[in-house]
Amino acid sequence: MADFLEGYSIQRWLESCPQGYLADTEFGHPPGEREPELLVKDPMLREQAISLTVQLVAGERCALAASSGLINCAPDEASKRFLATQTLDEARHVEIFSQRLFDLGVKKAELDDVVAQLANPNLVRFAEILLEKVDKRDFVAGVVGQNIVLEGMAFSVFEMLHESMKVGNPKFAHTLAGTIADERRHVGFGENRIGSLIIEHPERKADVQQMQKEMSYHMLATFADRFRSGVIDAQREHLREVVPDTPGVPAPEYHGVNLAEASSEDLENVLANTVLGEFKTRLGRIGLEYQTPEQP
Ligand SMILES: [Fe+2]
Ligand SMILES: [Fe+2]
């Protein structure tokens, strides 16, 4: 447990995060950076950016509720302190993505209504499955659901988004980069802490695996809703009309897929396969068997 204490202490968190990669940032990005003017002015692009950002706010609100709820059912002090740092990270994520909605023109008084209206129902169900475990003070299931499943998903989604935004929207890309660094720490905690608990409580395996299967289904259904809605093709076509070609800009790539040109189907597949592959690896490391979800 000594290494564990060292790697996830509040001291380490202070040095690497607020005093490290977040030093001198403002809502997660260098001060002065703004959303591209086109995104704020063009009704279609703005609407799409709002709808995407709402999913991030919804996911992070769930992570905030889960990590804070898990503090009081953690079996040891080191985990409680780590989860306290994670709670602040997740609260920050809620804040910076909410701030992005304000930057895109959402009024503060309308935030909750906009989130309730646009949050994908499958993502909402995904969150409920996790929060039911947290409400029952089920630490093992809660940490697997939060730090392996939810954050494994968030990590890959943020990386894909970061890749596609880094040329066209440095402000959002920088916001995502800090979040990715946080999520990497959270996923690491999940693996490090939960492995020994699974060994101590092998009787918990079956229902934790069942939770993973259910959450994975709702995650895939969330991806399907987005990638099969036609929104990506519509957005690309619209962009070709309003933005002249900028030659010399390298195409964004994610696991060998050209994000600017791949079909929606290929984009959905690369994201789903990456996340499920990560689940398989991480669950294997903590002694759980990955369960293949149903296909939406
Ligand atoms: Fe987060
Ligand atoms: Fe997280």
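Residues numbered from 1 in each chain as written. Chains lettered and ligands numbered in written order. Predicted model: local features only at pLDDT ≥ 70, side-chain atom pairs only at ≥ 80, totals over all residues. Heavy atoms only, no water.

A. Fine view of the coordination of the iron ion (ligand 1). In this structure, Glu 60 (OE), Glu 60 (OE), Glu 90 (OE), His 93 (ND1) and Glu 183 (OE) serve as the protein donors to the iron ion (ligand 1), at separations of 2.0 to 2.8 Å. Each donor residue of the iron ion (ligand 1) lies on the same chain, and together they follow the pattern E-x29-E-x2-H-x89-E. A separation of 3.2 Å is found between the iron ion (ligand 1) and the iron ion (ligand 2), both of which receive a donor from Glu 90. Separated by 123 residues along the polypeptide, Glu 60 in helix α4 (residues 43–71) and Glu 183 in helix α9 (residues 170–200) bring together distant segments of the chain. This pair shows no difference in class: Glu 60 is buried, exactly as Glu 183 is. (Donors = N, O, S within 2.8 Å, 3.2 Å for Na, K, Ca; no water. Helix = DSSP H or I, 4+ residues; strand = E, 2+ residues; numbered from the N terminus. Buried < 20%, exposed > 50% of the residue type's maximum accessible area, 1.4 Å probe, protein only.)

B. Main features of empty space enclosed by the protein. Counted under the stated rule, the structure contains one cavity of 30 Å³ or more. When its volume is computed, the largest cavity comes out at roughly 40 Å³. Together, Phe 27, His 29, Glu 35, Ile 96, Gln 99, Arg 100, Asp 103, Lys 171, Phe 172 and Thr 175 line the largest cavity. Contributing elements (two or more residues each) for the lining of the largest cavity: α5 (77–103) and α9. (1 Å grid on protein atoms, 1.4 Å probe; cavity = no way out; pocket = protein on both sides within 12 Å on 5 of 7 lines; lining within 4 Å. Points joined across faces, edges and corners; volume = space filled by probe spheres on them.)

C. Broad picture of helix α7 (residues 121–135). The first and last C-alpha atoms of α7 sit 20 Å apart over 15 residues, in line with the 21 Å expected at 1.5 Å per residue. Regarding α7, the residues found buried are Asn 122, Leu 123, Phe 126, Ala 127, Ile 129, Leu 130, Lys 133 and Val 134. All buried residues of α7 lie within an arc of 150 degrees about the axis, which places them on one face of the element. Structural note: α7 exposes Pro 121 and Asp 135 on the side pointing more than 90 degrees away from its buried face. Among the structural elements, α4, α8 (139–165) and α10 (205–227) are those in contact with the buried residues of α7. Structurally, the start of α7 carries an N-cap: the backbone nitrogen of Asn 122 is 2.6 Å from a side-chain oxygen of Asn 120. Backbone geometry just downstream of α7 places Arg 137 in the positive-phi region, at approximately 60 degrees. (Expected span 1.5 Å × (residues − 1). Arc of directions from axis to C-beta. Contact = heavy atoms within 4.5 Å. Polar contact = N/O pair within 3.5 Å; in protein donor to acceptor, adjacent residues only side chain to side chain.)

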